[in-house]
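Next come the chains, spelled out residue by residue.
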Amino acid sequence: MPLLATDPVNVLPEQREALEQLVRSRSTPQQLALRARMILHAADTVGVRESAGELEVWPKTVRLWRKRWREAPQKLSVPERLSDAPRSGAPATYTPEQICAVIAMTCEKPSESERPISHWSQREIADEAIRRGLVPNISQRSVGRFLKKRPTSNHIVSVTG
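A few points on the structure.

Cut-offs applied
- Residues numbered from 1 in each chain as written.
- Predicted model: local features only at pLDDT ≥ 70, side-chain atom pairs only at ≥ 80, totals over all residues.
- Heavy atoms only, no water.
- Core = buried A, V, L, I, M, F, W, Y, C linked by side-chain atoms within 4.5 Å.
- Buried < 20%, exposed > 50% of the residue type's maximum accessible area, 1.4 Å probe, protein only.
- Helix = DSSP H or I, 4+ residues; strand = E, 2+ residues; numbered from the N terminus.
- Axes fitted to C-alpha atoms, helices over the stretch in contact; angles between N-to-C directions.
- Left-handed = near helix turned anticlockwise from the far one by under 90°.
- Contact = heavy atoms within 4.5 Å.
- Nonpolar A, V, L, I, M, F, W, Y, C, P; charged D, E, K, R; others polar.
- Parallel < 35°, antiparallel > 145°, perpendicular 65-115°, else oblique.
- Phe/Tyr/Trp six-rings, centres within 6.5 Å; stacked < 30°, edge-to-face > 60°.
- Lys NZ or Arg CZ within 6 Å of the ring centre and 35° of its normal.

The next point concerns the nonpolar core. Judged by nonpolar contacts, the single largest core of 14 residues is most densely connected at Tyr94, Ile125, Ala129, Ile138, Val143 and Phe146. Looking at this core, the elements with two or more residues in it are helix 6 (96-105), helix 7 (122-132) and helix 8 (140-149). Top element by residues in this core is helix 6. It accounts for four residues. Ranked by size, the runner-up nonpolar core spans 11 residues in total, among them Ile39, Ala42, Val78 and Leu82.

Spelled out as structure tokens, the structure:
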């Protein structure tokens, strides 16, 4: 059975330099560095199976990233060519600005918002965010998720339920 020839992957000298920089840099995310290695192997005519074995990934993964590299517009930068494809799914419910505004609001004392409480609860935060018009609606569960992702101050008391 004849071996399947892989489609050639063309890498310009400046792209090779950028790929090698990604591989060498300590601050490069590991997935990006791995993808850069796959493309460098392809440019050096290393076979799919050999590349997959050396990089400890599935051959299907190597083929996928070689195909994406070939089909990506030339005008894109190397990191853009190696970035994840857009994922399906619902758009985010809250913008980063809205989340920041809700979190910033929790740094204020409840009494400044004319609330007769000494500490914020998730329910009170949600009610106040809606009252101020920071968000059209929000659940106390969403507030809890926002707070869980960020360090809390001693002014915030998480209430479950």
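Back to the write-up after that little detour.
With that settled, the discussion passes to the packing of helix 2 (residues 30-43) against helix 3 (residues 48-55). Two elements in contact, helix 2 and helix 3, have axes separated by 10 Å at closest approach and are oriented at 145°. By crossing handedness, the relation of helix 2 to helix 3 is classed as right-handed. Counted together, Leu34, Arg37, Met38 and His41 of helix 2 and Ser51, Glu54 and Leu55 of helix 3 form the full contact between these two elements. Residue composition of the contact of helix 2 with helix 3, by class: three nonpolar, two polar and two charged.

Another point: helix 8. Owing to its 3.6 residues per turn, the α-helix brings residues three or four apart onto one side. Residues Gln140, Ser142, Val143, Gly144, Phe146 and Leu147 constitute the buried set of helix 8. Taken together, the buried residues of helix 8 touch helix 6 and helix 7.

Moving on: the packing of helix 2 against helix 4 (residues 59-71). At their nearest, the axes of helix 2 and helix 4 sit 10 Å apart, and the two run at 80° to each other. One element, helix 2, and the other, helix 4, form an angle in the roughly perpendicular class. Taking contact as the criterion, the partners of Arg35, Met38, Ile39, His41 and Ala42 in helix 2 are, on helix 4, Thr61, Val62, Trp65, Arg66 and Trp69. Considered class by class, the residues forming the contact of helix 2 with helix 4 number six nonpolar, two polar and two charged.

A complete count under the given rule lists one aromatic pair for this structure. Ring geometry for tyrosine 94 versus phenylalanine 146: centroids 5.6 Å apart, planes at 90°, classification edge-to-face. Here the residue tyrosine 94 occupies a position in the loop between helix 5 (78-81) and helix 6, and phenylalanine 146 occupies one in helix 8, the gap between them amounting to 52 residues. Each of the two residues, tyrosine 94 as well as phenylalanine 146, counts as buried. Its guanidinium or amino end placed over the ring of tryptophan 65, arginine 68 lies 4.5 Å from that ring's centre, counting from NZ or CZ. Between the NZ or CZ atom of arginine 81 and the centre of the ring of tryptophan 69, over which it lies, the distance is 4.1 Å.

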